Amino acid sequence: MKKIIITLLLVTSVSLIKAQQALTLYNMDVIGQSNQVNPSLMPENGMYIGIPMLSSTTFLFTNSGFTWRDLHWIRPDDSVNIDIANAISKLSEKNFISMSFRTNILETGFRIKNNYFSMNISEKMNLNFTFPKELFELLFNGNGAFIGQEIDLKRMSFDATHYREYAIGWVRALNKKVTVGTRLKYLYGMENYSSAKSNLSFYTAPDDYRIDLTSDYEINTSSTSNNKGGGSGNYLFGLKNTGFAADISATYLYTDRWKFNASIIDLGYINWKSNVKNLVTASGSYSFDGLDVNQFVSDSSSGSASVTDSLSNSFKPIENSDPYKTNLSSHVYLNSCYILSEKMNVTGLLHAQIFRQTVQPTFTAALNRRFTDHFSGSLSYSMINHHFTNVGAGIALNLGALQFYLLSDNWIGTINPLSNNTAHFQFGFNLIYGKQKVKKAPDFGVQVKEIETNTKSATEVVPVEVPVEEEIKK
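What you see as residue numbers is a count from 1 along each chain, following the sequence as written. Local features in this predicted model are restricted to residues whose pLDDT is 70 or higher, and side-chain atom pairs enter the listing and the counts only when it is 80 or higher, whereas totals over whole chains, interfaces and linings include all residues. Excluding hydrogens and water, the side-chain values take into account all heavy atoms of the structure.

### Re the packing of aromatic side chains
Phase 1: Two aromatic rings from Phe, Tyr or Trp, using only the six-membered ring of Trp, form a pair when their centres are within 6.5 Å; if the ring planes differ by under 30 degrees the pair is stacked, by over 60 it is edge-to-face, and anything between is tilted. For the structure shown, the criterion picks out 17 aromatic pairs.
Phase 2: Seen in terms of ring centroids, F96 and F355 are 6.3 Å apart; in terms of plane orientation they differ by 50°. Their pairing is tilted. Taken together, the residues span a long stretch of sequence, with F96 in strand β5 (residues 94-112) and F355 in strand β18 (residues 344-355) at a distance of 259 residues.
Phase 3: For the ring pair W272 and Y324, a centre distance of 6.4 Å and an interplane angle of 20° mean the geometry is stacked. With W272 in strand β12 (residues 258-272) and Y324 in strand β16 (residues 324-327), this pair connects stretches of sequence that are 52 residues apart. Residues W272 and Y324 agree in their burial class; the two are buried.
Phase 4: An aromatic cluster of three or more residues is present, and its members are Y252, Y254, W258, F260 and Y338. By the criteria applied, helices consist of DSSP H or I runs no shorter than four residues and strands consist of E runs no shorter than two, each listed in order from the N terminus. Only protein chains enter the area calculation, which uses a 1.4 Å probe; residues under 20% of their type maximum are buried, those over 50% are exposed, and those in between are partly exposed.

Now the structure itself:
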């Protein structure tokens, strides 16, 4: 049992090195990819083309619980001591793990007058897992600490999905103050492993310590491993796992200094029909009263086998191939921006990731600065999953038509992932054309001109409105 617990804890913590939450990117309008997380944002450049397969690569891991450093400590003789109890003590009542990988295969964006259009084809892999603290307490401490209590594992759920996204976006400036944007997505599902329901509970009776188990769960999978005859061509383009999603966003310029924005990302679903396998158990229960000591002593293998057989018969899953649907994990952003100057602003960003009944909040404060026409940067500080050691930064270098960018929401965790709960970075190469020009407000044929008055004693200059047409004739 101890080996099982250590394995689970290692998967929960060491997975840091494998890991889209775009907190720093959200307000970096010098990068075209910012429009993919802030759909009502018009990037600075009139057009960008992502270099195929190199335009955007993103890794993310975030864990609300413990880190690898919480799981072990070094003895004076440099040997390693595994401290499972300390790691479990770092867990909250409800815990959340999220991992994601994204690479953009093709993408572009361009502006036409008051409109901005974009498209992208992206490969995405997401993993989300929620679990209660009691799961590890039960595995490590046994049921002795829960006598007379029911351990409810209904809050435990997971979803691992690999899919391709085909998206088109449109941003429209309605007037001087309001800009709206949307992105429509066609989703092609490739693999999925997810829990549909997980009604699992344990109860230890206080009188005779009898263990009552209740189970009602369903696990769905869609994978080529379920169909040995599938070929790579069918896997890449011929599956019937399809879905749709949408992003919506709006930006409001309140004053010349203040700007507010809200976005909802990945509001959608995928229907899984190809290579489907379901494992379902009907609602059932099993009461374990213990082993017959005499039988166990005389034939221990027979005694333990009877318990195993009884459990297997009580919770034996039924396997079928019914289509099913999964929802994407959605993201909500609320953003405020204070414009310090033409080249600098500060922002405050509230973000929440929604998975099943779990909401994971984050907050980010950032300073964004355009130093020159060739170099821009951002410095951010975030609260992610109730942890406050997340210092992020991003840079964008424009070398003629070639742009390179690199950013992270937590550089400390990315450089030293074993001691942190969040690791994230994103980088890419774009070709950029046409810097956006700030248009002055129209004067409707009248402009202000300074002329001297005919009064000899007057020394001041008085503004007088002169029609543009008359000035041109003169």
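### Some points on the nonpolar core
Phase 1: Residues L91 and F131 are the most contacted members of the largest nonpolar core, which totals 18 residues.
Phase 2: Mapped onto this core, the elements with two or more residues apiece are α2 (68-71), α3 (84-89), β5 and α4 (133-141).
Phase 3: L25, V37, I384 and A396 belong to the second-largest nonpolar core, a separate cluster that totals 15 residues. As used here, the term nonpolar core means buried Ala, Val, Leu, Ile, Met, Phe, Trp, Tyr and Cys residues forming a set that is joined through side-chain atoms within 4.5 Å.

### As for α4
Phase 1: Every buried residue belonging to α4 is among K133, E134, L135, F136, E137 and L138, and all of these are buried.
Phase 2: Taken from the residues just after α4, G142 is the one with a positive phi, measuring 80°.

### Brief notes about the pattern of salt bridges
For side chains bearing opposite charge, pairing can occur when the charged atoms are close.
Phase 1: By definition, a salt bridge exists where a carboxyl oxygen of Asp or Glu is found within 4 Å of a side-chain nitrogen of Lys or Arg. Under the counting rule described, the total for this entry stands at 10 salt bridges.
Phase 2: The salt bridge involving R370 is made with E44; its shortest N-O contact spans 2.5 Å. Taken together, the positions of R370 in strand β19 (residues 358-370) and E44 in the loop between α1 (2-14) and β1 (45-50) put the pair 326 residues apart, joining distant regions of the chain. Of the two residues, R370 and E44, neither departs from the other in class, the shared state being buried.
Phase 3: Close ionic contact of R102 with E165 constitutes a salt bridge, the shortest N to O distance being 3.9 Å. With R102 in strand β5 and E165 in strand β8 (residues 157-173), the pair connects residues that are 63 residues apart, well separated along the chain. Judged on exposure class, the residue R102 and its partner E165 are both buried.
Phase 4: What you see here is one network of salt bridges that share partners, running through R102, K124, E165, R183, K185, D247 and D266.

### Concerning the side chain of D70
Phase 1: Along the chain, D70 falls in helix α2.
Phase 2: Within the buried set, D70 has no salt-bridge partner at all; the shortest N-O distance to an opposite charge, 4.6 Å, is to K90.
Phase 3: With sequence-adjacent residues up to four places away left out, D70 is seen in contact with D83, N86, A87 and K90. A positive count includes Lys and Arg, and a negative count includes Asp and Glu. His and the chain ends are not counted in either. Between two residues, a contact is recorded if the distance between any of their heavy atoms is within 4.5 Å.

### What about the pairing of β1?
Phase 1: Bridging between β1 and strand β23 (residues 422-435) involves 5 bridges; their strand directions are antiparallel. Across the sheet, the residue bridging to I49 is L431, located in β23. When DSSP finds two or more bridges between a pair of strands, those strands are recorded as paired.

### What about unusual backbone geometry?
Phase 1: Even without being glycine, M53 reaches a positive phi, approximately 70°.
Phase 2: Along the chain, M53 turns up in the loop between β1 and β2 (57-63).
Phase 3: The backbone of K113 sits at a positive phi, close to 55°, despite the residue not being glycine.
Phase 4: Mapped onto the fold, K113 is located in the loop between β5 and β6 (115-132).

### Comments concerning a nonpolar patch on the surface
Phase 1: Nonpolar side chains collect at one region of the surface, where L340, V346, L367, L379, Y381, F388, V391 and I412 lie side by side and expose about 680 Å² of accessible area between them.
Phase 2: Along the chain, Y381 turns up in strand β20 (residues 375-384).
Phase 3: The exposure class assigned to Y381 is partly exposed, which follows from its relative accessible area of 41%. Residues enter patches when their relative accessible area tops 30% and they take part in no salt bridge; the joining distance is 9 Å for like charges and 5 Å for the nonpolar side chains Val, Leu, Ile, Met, Phe, Trp and Tyr. Reported accessibility uses the Shrake-Rupley method at a 1.4 Å probe radius. Residues are deemed covered only where the shown protein chains occlude them.

### With respect to the side chain of D266
Phase 1: Mapping D266 onto the fold places it in strand β12.
Phase 2: Take D266: its relative accessible area is 9%, and that puts it in the buried class.
Phase 3: Setting aside residues no more than four positions away along its own chain, D266 makes contact with K124, Y163, E165, K185, A246, D247, L328, S329, S330 and H331.

### Remarks on the environment of N120
Phase 1: For N120, the location among the structural elements is in strand β6.
Phase 2: Take N120: its relative accessible area is 2%, and that puts it in the buried class.
Phase 3: Note: C-alpha distance between N120 and G169 (49 residues apart in sequence) is 8.8 Å.
Phase 4: Those residues within four positions of N120 in sequence are excluded, and the remaining contacts are Q36, R102, L106, E107, E165, Y166, A167 and R183.
Phase 5: A distance of 2.9 Å separates a polar atom in the side chain of N120 from a polar atom in the side chain of S122.
Phase 6: Polar contacts involving the side chain of N120 include one to the side chain of E165, which spans 3.1 Å. Whenever two N or O atoms come within 3.5 Å, that pair is a polar contact, provided that in protein one can donate a hydrogen and the other can accept it, and provided that, for residues adjacent in sequence, both atoms are side-chain atoms.

### Notes on the pairing of β5
Phase 1: Sheet topology note: the β1/β5 ladder contains 3 bridges and is antiparallel. Bridging from a neighbouring strand, M47 pairs with F110 of β5.
Phase 2: Of the strand pairs in this sheet, β2 and β5 are connected by 7 bridges, and their pairing is antiparallel. In the sheet register, F61 faces β5, and the bridge partner there is M99.
Phase 3: Joining the antiparallel neighbours β5 and β6 is a turn of 2 residues, in which K113 adopts a positive phi near 55°.

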